[in-house]
Amino acid sequence: MSGILAYLVAFLLYALIGWHFWRTRWNAPPNTAGGGATMAAGWERYAILAPLVLHGYTLYESVFAGVGLNFGVGSAVSSIVWLTAMIYWLSGFFYRLEGLQILVAPVAAVAVLLPLAFPSLHPLANTEFPAFKAHISIAMLAYSLLTIAALHALLMAVVERRLHHPAMPSVLTNLPPLLAMETLLFRVIWVGFVLLTLTLISGVVFSEEVFGQPVKFTHKTLFGFISWGVFAALLAGRQLYGWRGRIAIRWTLAGFIILLLAYLGSKFVLEVILRR
């Protein structure tokens, strides 16, 4: 399987999985959430492996095609979403995360096609430096974990809003208690924050190794440090003042949006709008 066919098959499989979970988990009446959902849990857990493998294959073909790394905005977003889906799938063996499948699968279906819609205009420079490779790897993991945190925060916001609704969707009634979801949220944020810290440090190391000077102060650097500050303030507020609930959700989403502006915003402007 090669070319555009792999992209289309991965898109269709993600879309089918998202549709299945919407129909059986979100849109199903609460009193039908029992046996059917439990009996299908085995195959559902492994069904997403097929689009994940195809998605990884398309990323390999788009990023490593030719000389150097072709890491444009389409490949960057697609890589983050793929890592997010992969981490989510692995985490599903330890936590009850069924509700996130409704969010992850449609997002992944769109993301798998992004390298076709926004191809890389030119390979990345300086990819032979170890510091650059470490920087990219850590950054992708940090962005993926904080993406999971943002999706988890969105799900918590929906649950909190509909907590007293007379007819909640079955997927919400089967989720763990909000307190347990909040504990998991902060665990993910802590790991993502550590990786984000390492991303900023490795960015400084990479800049000094390649250009012989510390990192340049650009809007990308500014947003990166602002996002780090938002997550640092959130974790400090959690420890010192017991921040939780809507405050935690808002700070998580704010930090994630700023993080997107730090990297993907600049790449989108340069490659899609300015075509550089």
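In this text, all values refer to a predicted model and were calculated from it rather than measured experimentally.

A. How the structure looks around the overall build of the chain. Each helix and strand in the chain was counted, giving 12 helices and 0 strands. Its helices and strands in sequence order give the chain the pattern α-α-α-α-α-α-α-α-α-α-α-α, from N to C terminus. Looking at the chain as a whole, 45% of its 276 residues qualify as buried. In the chain, the share of contacts with a sequence separation of at least 24, taken over all contacts with a separation of at least 6, comes to 81%.

B. Just the nonpolar core, in detail. Core analysis: the biggest nonpolar cluster contains 38 residues, and Met140, Tyr143, Val188, Ile189, Leu196 and Phe231 have the highest contact counts within it. Sorting the residues of this core by element identifies helix H5 (73–91), helix H8 (130–161), helix H10 (178–211), helix H11 (219–241) and helix H12 (245–273) as the ones contributing at least two each. The greatest single-element share of this core, amounting to 14 residues, is contributed by H8. Look past the residues within four positions of Phe231 in its chain and what remains in contact with it is Leu146, Ile189, Phe193, Leu196, Thr252, Gly255 and Phe256. Within the second largest apolar cluster, 20 residues are counted, among which are Ala6, Ala111, Val112 and Leu114.

C. Spatial organisation of the packing of aromatic side chains. All told, the structure shown has 5 aromatic pairs when counted by the stated rule. Judged by centre distance (6.3 Å) and plane angle (85°), the ring pair of Trp190 and Phe193 falls under edge-to-face. Pair noted here: Trp190 and Phe193 are both in helix H10, with a separation of 3 residues, about one helical turn. Among the aromatic side chains, those forming a connected cluster through ring pairs are Trp190, Phe193 and Trp228. When the ring centre of Phe186 is taken as reference, the NZ or CZ atom of Arg238 above it lies at 4.2 Å.

D. Spotlight on the pattern of salt bridges. Scanning the model with the defined rule gives 3 salt bridges in all. Close ionic contact of Arg246 with Glu160 constitutes a salt bridge, the shortest N to O distance being 3.8 Å. In this pair, Arg246 sits in helix H12 while Glu160 sits in helix H8, placing the two residues 86 residues apart along the sequence. Overall, the relative accessible area of 26% leaves Glu160 in the partly exposed class. With a closest N to O distance of 3.2 Å, Glu182 and Arg244 form a salt bridge. Of this pair, Glu182 sits in helix H10 while Arg244 sits in the loop between H11 and H12, and the two are 62 residues apart along the sequence. Here Glu182 falls in the buried class, since its relative accessible area comes to 2%.

E. Region of interest: the confidence of the model for the chain. Averaged over all residues, the pLDDT of the chain equals 79, while 73% of them reach at least 70. Taken together, the stretch residues 31–40 has pLDDT below 50 and engages in 4 contacts with residues farther than four places along the chain or on a different chain. Across residues 268–275, confidence stays below pLDDT 50; counting only partners more than four residues off in sequence or on other chains, it has 14 contacts.

F. How the structure looks around the packing of helix H4 (residues 49–63) against H5. Interaxial distance between H4 and H5 falls to 10 Å at its minimum, and their mutual angle equals 150°. Relative to H5, H4 is oriented roughly antiparallel. You can see that H4 and H5 cross each other, and the crossing is left-handed. Facing Leu49, Leu52, His55, Gly56, Leu59, Ser62 and Val63 of H4, the residues of H5 in contact are Ser75, Ser78, Ser79, Trp82, Ala85, Met86 and Trp89.

G. The arrangement of the side chain of Thr58 in detail. Residue position: Thr58 is located in helix H4. What makes Thr58 buried here is its relative accessible area of 2%. The residues touching Thr58, leaving out its near neighbours within four places in the chain, are Ala6, Tyr7 and Val112.

H. Representation of H11. When the terminal C-alpha atoms of H11 are compared, their 31 Å separation across 23 residues agrees well with the 33 Å that a helix rising 1.5 Å per residue should span. When H11 is considered as a whole, its buried residues turn out to be Thr221, Gly224, Ser227, Val230, Phe231, Ala232, Leu234, Leu235 and Gly237. Following H11 by one or two positions, Gly242 adopts a phi angle in the positive range, close to 70°.

The rules we used
Residues numbered from 1 in each chain as written. Predicted model: local features only at pLDDT ≥ 70, side-chain atom pairs only at ≥ 80, totals over all residues. Heavy atoms only, no water. Helix = DSSP H or I, 4+ residues; strand = E, 2+ residues; numbered from the N terminus. Buried < 20%, exposed > 50% of the residue type's maximum accessible area, 1.4 Å probe, protein only. Contact = heavy atoms within 4.5 Å. Core = buried A, V, L, I, M, F, W, Y, C linked by side-chain atoms within 4.5 Å. Phe/Tyr/Trp six-rings, centres within 6.5 Å; stacked < 30°, edge-to-face > 60°. Lys NZ or Arg CZ within 6 Å of the ring centre and 35° of its normal. Salt bridge = Lys/Arg side-chain N within 4 Å of Asp/Glu carboxyl O. pLDDT = per-residue confidence, 0-100. Axes fitted to C-alpha atoms, helices over the stretch in contact; angles between N-to-C directions. Parallel < 35°, antiparallel > 145°, perpendicular 65-115°, else oblique. Left-handed = near helix turned anticlockwise from the far one by under 90°. Expected span 1.5 Å × (residues − 1).

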